[in-house]
Amino acid sequence: MRVPRFPWKTASLVAGTIAMISWGSLAAQQPVSSSAPAASAASATPNMPAPKHWTAQEDHQNMMDQLGIRKLRPGPSGNEQDPNHANYDESKANPFPNLPDPLTLKNGRKVTTPEMWWHERRPEIVEDFEREVYGRVPAQVPVVTWRVARTQYGVVAGHPVLGRELVGHVDNSAYPAIDVNISLMLVTPADVHAPVPVMIMFRGGGLPGDPPPARGGFGFPAGRGGAAGAARGRAAGPGRGPAAGPARGPSAAPARGGPGAPGAAAPQAPSDPPATDQLISGGWGYALLNPTSVQADNGAGLTAGIIGLVNKGQPRKPDDWGSLRAWAWGAGRSLDYLESDPSVDATKVGIDGVSRYGKAALVTMAFDPRFAMVLVGSSGEGGAKLNRRNWGEAVENLTGAGEYHWMAGNFLKYGASDATFGSKTPGDLPVDAHELIALCAPRPTFVSYGVPEKGDAKWLDHQGSFMAAIAAQPVFRLLGARDLGRSDDYKTEKMPAVNVALLDGQLAWRQHDGGHTDGPNWKYFIPWADKNLKHAPAPAR
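Membership of the largest hydrophobic core comes to 110 residues, with the highest contact counts inside it found for Trp-117, Ile-306 and Trp-329. Ranked by residues supplied to this core, first place goes to helix α11 (residues 462-478) with 10 residues. Counting 25 residues, the second largest nonpolar core, distinct from the first, contains Val-156, Met-373, Ala-508 and Ile-526.

See below:
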């Protein structure tokens with residue numbers, strides 16, 4: 001189907017920010033390092049407060065105080081040997097079985113036309129997510145000025161490519177104590193003469209030919225996952241961090257079309273080529289966006305990065321944006337740049353991420369209608385998983401001091417056991433993950449998971465995410481898109497078997513037989529996206 005341009009305009013989509021391209025800097029320059037956003041050496045600007053340097057615990061407590069919360073329920077543990085381990089009993093998994101109807105207005109009227117969705121119901125859902133879940137992007141965010149710091153030719157999957165290291169400097173003239181430089185690595189085929197679709201990928205990495213980055217990629221804090229993560233109630237096991245960057249070195253040149261495309265050779269055994277190889281082979285480009293160059297992945301960083309810059313180093317208000325929304329904002333500013341690049345088909349730019357960055361990819365797609373497609377990898381709680389489910393990671397994990405920074409401060413209310421307003425539970429949330437998926441409609445939306453046996457932990461609640469996708473189906477159909485081809489009964493529908501794909505519509509699902517990665521699904525995602533976007537790989541020069 002043809003993906004339409006969207007008929008509404010809202011300030012929150014662009015947040016008053018227009019990316020500016022520094023054309024005078026497009027010539028070769030000395031490389032510019034892209035550090036994570038931080039407060040500068042100057043502790044304060046004259047006549048302005050110094051930035052706060054709180055720990056995550058101090059910032060978390062400040063938000064609790066603002067909200068009148070005296071006590072939060074502790075989140076379950078990811079270690080099944082602990083007394084407070086997460087629930088994995090399906091009979092206890094749905095304490096709040098009824099989901100908000102995405103096609104019923106707050107006044108009780110049913111949404112029966114696309115116009116009602118775009119002009120009435122969708123704005124209601126966006127408002128609830130912004131106020132209570134992910135936070136609002138401020139109306140006035142400083143302008144981003146992009147420049148090409150380095151240009152480098154290389155080879156990916158046997159094809160010549162052009163790589164550009166891009167730095168997006170956020171104007172900090174109003175508060176020089178905080179400096180934010182967005183790091184983006186753009187790689188496009190050099191043997192294709194037409195603009196190409198591009199996937200922006202939330203992950204660190206360099207340009208083809210660069211030395212491989214340190215294990216774990218750019219900007220990923222130590223102690224995220226494994227035993228340390230489980231001790232904080234987070235999933236133990238591999239893969240809480242970003243996926244690997246692009247592979248280096250020569251490889252056999254496959255035919256244009258890439259693995260999984262009609263008529264293409266079977267994928268290499270025993271494992272598939274990296275996603276970046278598959279994209280270039282398929283006539284796509286890719287852009288590696290380092291999310292922590294936009295905003296840190298911890299609560300102590302909320303008074304720095306783009307959130308801290310806008311707040312002039314001071315703590316958030318309850319409806320201010322969290323890191324997920326800030327990373328999505330960074331992806332939007334990256335798309336601003338891509339819209340200026342003649343090698344890129346800016347109407348065919350998608351977004352991808354795994355784990356916390358899978359959450360960010362889904363949030364990006366939901367709030368910015370310019371993105372044409374999304375691959376949501378193993379996103380779990382705060383992403384495609386229903387918040388109302390009691391399985392694995394819970395709302396109470398996201399309201400604790402280890403993960404609250406992803407969300408709006410107001411989200412803490414739904415983990416409160418004692419507060420001036422009483423208490424709230426996940427069942428009190430005005431929205432849930434099925435409506436986040438619905439905000440992506442009718443654009444191509446691919447939900448991806450692996451299997452617990454290979455490291456995609458039960459903690460993520462694969463079934464809860466499938467239920468959310470099922471419950472989003474009516475919106476896709478209302479807008480003229482095809483859904484998963486299942487009934488709308490999210491209470492009874494079960495996931496298909498592992499490796500059985502539901503790819504006939506613009507809403508897609510596949511659980512592969514690998515671990516905490518979306519790697520095994522790229523050979524299905526690319527031809528599925530090609531079909532939906534009507535993209536045929538351009539012939540080589």
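Attention shifts here to the pairing of strand β9 (residues 285-289). In terms of residue burial, β9 counts as a mostly covered element, since 5 of its 5 residues are buried. Burial of β9 is two-sided: the residues Gly-285, Ala-287 and Leu-289 facing one way and the residues Tyr-286 and Leu-288 facing the other way are all buried. As paired elements, strand β7 (residues 181-189) and β9 share 4 bridges and run antiparallel to each other. Each bridged residue has a counterpart across the sheet, and for Leu-184 the counterpart in β9 is Leu-289. Relative to β9, strand β8 (residues 196-202) is paired through 5 bridges, and the arrangement is parallel. Residue pairing across strands places Val-198 opposite Gly-285, the latter belonging to β9.

All right, on to the environment of Gly-485 then. Turning to its location among the elements, Gly-485 is positioned in the loop between α11 and β14 (507-511). A residue is classified by how much of its surface remains accessible, and Gly-485, at 63% relative accessible area, is exposed. Separated by 20 residues in the primary sequence, Gly-485 and Gly-505 place their C-alpha atoms 7.8 Å from one another.

Okay, the side chain of Arg-510 next. By the element assignment, Arg-510 lies in strand β14. Of the side chains bearing the opposite charge, Asp-513 lies closest to the buried Arg-510, which forms no salt bridge; the N-O distance is 6.1 Å. At 3.1 Å, the side chain of Arg-510 forms a polar contact with the side chain of Asn-499. Among the polar contacts listed, one links the side chain of Arg-510 to the side chain of Tyr-524, at a separation of 3.4 Å. When residues no more than four places from it in sequence are discounted, the contact partners of Arg-510 are Phe-446, Val-447, Ser-448, Tyr-449, Asn-499, Ala-501, Pro-520, Asn-521 and Tyr-524.

This brings us to the pairing of strand β11 (residues 373-377). When you tally the buried positions in β11, you get 5 out of 5 residues, the bulk of the element. Burial along β11 is two-sided: the residues Met-373, Leu-375 and Gly-377 and Val-374 and Val-376 are all buried. For strand β10 (residues 344-354) and β11, the ladder comprises 5 bridges, and the chain directions are parallel. Of the residues in β11, the one forming a bridge with Asp-352 is Leu-375. Tracing the backbone out of β10, into helix α8 (residues 356-367) and back to the parallel element β11 gives a crossover that is right-handed. Relative to strand β13 (residues 445-449), β11 is paired through 4 bridges, and the arrangement is parallel. Bridge assignment links Val-374 to a residue of β13, and that residue is Thr-445.

The next thing to look at is the confidence of the model for the protein chain. Note: predicted coordinates in regions of low pLDDT should not be interpreted at a detailed level. Looking at the protein chain, pLDDT values average 86 and 80% of them are 70 or higher. The model gives residues 1-36 a pLDDT under 50, and that stretch makes 85 contacts with residues more than four places away or in other chains. Throughout residues 216-269 the model reports pLDDT below 50, and contacts reaching past four residues in sequence, or to other chains, amount to 120 contacts.

With 12 residues, helix α12 (residues 522-533) should cover 16 Å at 1.5 Å per step; its first-to-last C-alpha distance of 16 Å lies within 8% of that length. When you tally the buried positions in α12, you get 10 out of 12 residues, the bulk of the element. For α12, the complete set of buried residues consists of Trp-522, Lys-523, Phe-525, Ile-526, Pro-527, Trp-528, Ala-529, Asp-530, Asn-532 and Leu-533. Next to the buried residues of α12 lie β8, α5 (275-281), β10, β11, β13 and β14. Just downstream of α12 lies Lys-534, where phi reads positive at about 55°.

Interhelical geometry of helix α7 (residues 323-338) versus α8 gives an angle of 60° and a closest axis separation of 8 Å. In the crossing of α7 with α8, the sense of the turn from one axis to the other is right-handed. Within the contact between the two elements, α7 uses Leu-324, Arg-325, Trp-327, Ala-328 and Ala-331 and α8 uses Arg-356, Tyr-357, Lys-359, Ala-360, Val-363, Thr-364 and Phe-367.

Moving on to the pattern of salt bridges. For the structure on display, the rule yields 35 salt bridges. With a shortest N-O distance of 3.3 Å, Glu-80 and Lys-458 are connected by a salt bridge. Here Lys-458 lies in the loop between β13 and α11 and Glu-80 lies in the loop between β3 (69-72) and α3 (114-133), a separation of 378 residues in the sequence. With its nearest N and O atoms 3.1 Å apart, the salt bridge here joins Arg-325 to Glu-130. With Arg-325 in helix α7 and Glu-130 in helix α3, this residue pair connects regions lying 195 residues apart in the sequence. Classification of Arg-325 as buried rests on a relative accessible area of 3%.

Procedures and definitions
- Residues numbered from 1 in each chain as written.
- Predicted model: local features only at pLDDT ≥ 70, side-chain atom pairs only at ≥ 80, totals over all residues.
- Heavy atoms only, no water.
- Core = buried A, V, L, I, M, F, W, Y, C linked by side-chain atoms within 4.5 Å.
- Buried < 20%, exposed > 50% of the residue type's maximum accessible area, 1.4 Å probe, protein only.
- Helix = DSSP H or I, 4+ residues; strand = E, 2+ residues; numbered from the N terminus.
- Pairing = 2+ DSSP bridges.
- Lys, Arg positive; Asp, Glu negative; His and termini not counted.
- Salt bridge = Lys/Arg side-chain N within 4 Å of Asp/Glu carboxyl O.
- Polar contact = N/O pair within 3.5 Å; in protein donor to acceptor, adjacent residues only side chain to side chain.
- Contact = heavy atoms within 4.5 Å.
- Right-handed = clockwise from strand over helix to strand, strands pointing away.
- pLDDT = per-residue confidence, 0-100.
- Expected span 1.5 Å × (residues − 1).
- Axes fitted to C-alpha atoms, helices over the stretch in contact; angles between N-to-C directions.
- Left-handed = near helix turned anticlockwise from the far one by under 90°.

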